[in-house]
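Secondary and tertiary structure notes
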Amino acid sequence: MTPLEARPFPYAYDLASTLLVIIDMQRDFIEPGGFGESLGNDVSRLSAIVPACQKVLKAWRDNGGQVLYTREAHREDLSDCPPAKRNRGNPSLRIGDVGPMGRILVAGHPGSDIVPALAPQGQEWVIDKPGKGMFYKTGLSERLQAAGVSHLIFMGVTTEVCVQTSMREANDRGYDCLLLEDCTESYFPEYKQAILDMVRAQGAIVGWTAHSESLLRQLSSGS
Ligand code: C5J
């Protein structure tokens, strides 16, 4: 494919060896009543990116692209949630507590679901991760290697926590990573901007960034 218009320079990738990675677009982070709000955040900032993510997801699927979803979700017995993680920050609801959408960040409870507008389809990969990064205790490295994946295009939340951590983990493992600027968000706009700048600094030290329009144009032109 023609390299994508991106920063700091064009991003060359091949659809067959690239995954669209959707990080933690879960009700617990994006909808009122979930974990994000229990930490005192304004979740409307995050829900605002859903339409842009939907457009990319549709175009990617229409082109036969593969999709990987992550969810930050723990086991029922919280054996994969260190007390330090559960107790930090004194939230009004802790991981595992019962909230309006079931137990907070526990797999199988409604809050841990991907928001309906971006729901996974068919055989798309969905992994639950106990940490911020998608490689930690998930077996993902082996799966990506077996599938011959070399490039990862990221969307999701939050930019400076799970998106950044996953992207850095992937970069260290040799993947060429691109972050879609308008398809990621933070509760703190200044943190999002800092991550976009950091990722593409020093000749793409962590990876590339691009506006989703750049990817959509390329996908619709079939080049
Ligand atoms: C957070 C995430 N922010 N998915 N998780 O705790 O970024």
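A few points on the structure. (Residues numbered from 1 in each chain as written. Predicted model: local features only at pLDDT ≥ 70, side-chain atom pairs only at ≥ 80, totals over all residues. Heavy atoms only, no water.)

1. Examining the overall build of the protein chain
- Within the protein chain, the secondary structure is distributed over 9 helices and 8 strands.
- By principal-axis analysis of the C-alpha atoms, the protein chain measures approximately 50 × 35 × 30 Å.
- Classification of the 223 residues of the protein chain by burial places 55% in the buried group.
- In the form shown here, the protein chain has an accessible surface area of approximately 9600 Å², with 52% of it arising from carbon and sulfur atoms. (Helix = DSSP H or I, 4+ residues; strand = E, 2+ residues; numbered from the N terminus. Buried < 20%, exposed > 50% of the residue type's maximum accessible area, 1.4 Å probe, protein only. Areas by Shrake-Rupley, 256 points an atom, 1.4 Å probe, with all protein chains shown as cover.)

2. Section: the environment of Ala59
- Inspection of the secondary structure assignment puts Ala59 in helix α4 (residues 50–62).
- Classification of Ala59 by relative accessible area gives buried; the value is 15%.
- C-alpha separation for the pair Ala59 and Arg173, spaced 114 residues apart in sequence, amounts to 27 Å.
- Apart from the residues lying within four places of it in its own chain, the contact partners of Ala59 are Leu216 and Leu219. (Contact = heavy atoms within 4.5 Å.)

3. Describing the pattern of salt bridges
- By the definition in use, this model includes 15 salt bridges.
- In this structure, the salt-bridge partner of Asp62 is Lys58, at a minimum N-O distance of 2.7 Å. Linking Asp62 with Lys58, this pair stays in helix α4, spanning 4 residues, or about one helical turn. Residues Asp62 and Lys58 agree in their burial class; the two are exposed.
- A salt bridge links Arg61 to Glu124; its shortest N-O distance comes to 2.8 Å. Separated by 63 residues along the polypeptide, Arg61 in helix α4 and Glu124 in the loop between β4 (102–103) and β5 (125–129) bring together distant segments of the chain.
- Through salt bridges with shared partners, a single network forms among Arg7, Glu181, Asp197 and Arg200. (Salt bridge = Lys/Arg side-chain N within 4 Å of Asp/Glu carboxyl O.)

4. Some remarks on the site of the ligand
- The environment of the ligand is formed by Asp24, Phe29, Glu72, Lys132, Val157, Thr158, Val161 and Cys162.
- Backbone polar atom of Val157 to a nitrogen atom of the ligand: 3.2 Å apart, as the coordinates give it.
- Thr158 places a polar main-chain atom, nitrogen or oxygen, 2.9 Å from an oxygen atom of the ligand.
- Notes on the ligand: free accessible area 230 Å², of which the protein chains cover 91%.
- Of the residues in the shell around the ligand, the class split is 4 nonpolar, 1 polar and 3 charged. (Near = heavy atom within 4 Å. Polar contact = N/O pair within 3.5 Å; in protein donor to acceptor, adjacent residues only side chain to side chain. Nonpolar A, V, L, I, M, F, W, Y, C, P; charged D, E, K, R; others polar.)

5. Considering the packing of α4 against helix α9 (residues 212–221)
- Relative orientation of the contacting elements α4 and α9 amounts to 25°, with a least axis distance of 10 Å. As far as their axial angle goes, α9 and α4 are roughly parallel. In this structure, α4 crosses over α9, and the sense of that crossing is left-handed. On the side of α4, the interface is formed by Lys55, Val56, Ala59 and Trp60, while α9 contributes Ser212, Glu213, Leu215, Leu216 and Leu219.
- Classifying every residue of the contact of α4 with α9 by side-chain character gives 6 nonpolar, 1 polar and 2 charged. (Axes fitted to C-alpha atoms, helices over the stretch in contact; angles between N-to-C directions. Parallel < 35°, antiparallel > 145°, perpendicular 65-115°, else oblique. Left-handed = near helix turned anticlockwise from the far one by under 90°.)

6. Considering the nonpolar core
- By size, the foremost hydrophobic cluster in this structure holds 46 residues, and its most contacted members are Tyr13, Met25, Trp60, Ile153, Leu178 and Leu215.
- At the level of secondary structure, the elements contributing two or more residues to this core comprise β1 (18–23), α1 (27–30), α4, β2 (66–72), β6 (151–157), β7 (176–185), β8 (208–210) and α9.
- Examining the composition of this core, we find that 7 residues originate from one element, α4, more than from any other.
- Contacts of Leu215, omitting those with residues within four sequence positions, involve Leu4, Tyr13, Val56, Trp60, Ile153 and Leu180.
- Counting residues in each nonpolar core, the second largest holds 24 residues, with Phe135, Met167, Val199 and Val206 among its members. (Core = buried A, V, L, I, M, F, W, Y, C linked by side-chain atoms within 4.5 Å.)

7. Thoughts on the side chain of Asp80
- Among the secondary structure elements, Asp80 is positioned in the loop between β2 and α5 (83–87).
- Here Asp80 sits buried without a salt bridge, and the closest side chain of opposite charge, Arg75, lies 4.3 Å off (N-O distance).
- A polar contact is formed between the side chain of Asp80 and the side chain of His74, at a distance of 3.2 Å.
- Asp80 has contacts with Ala73, His74, Arg75 and Pro130, leaving out every residue within four places of it along the chain. (Lys, Arg positive; Asp, Glu negative; His and termini not counted.)

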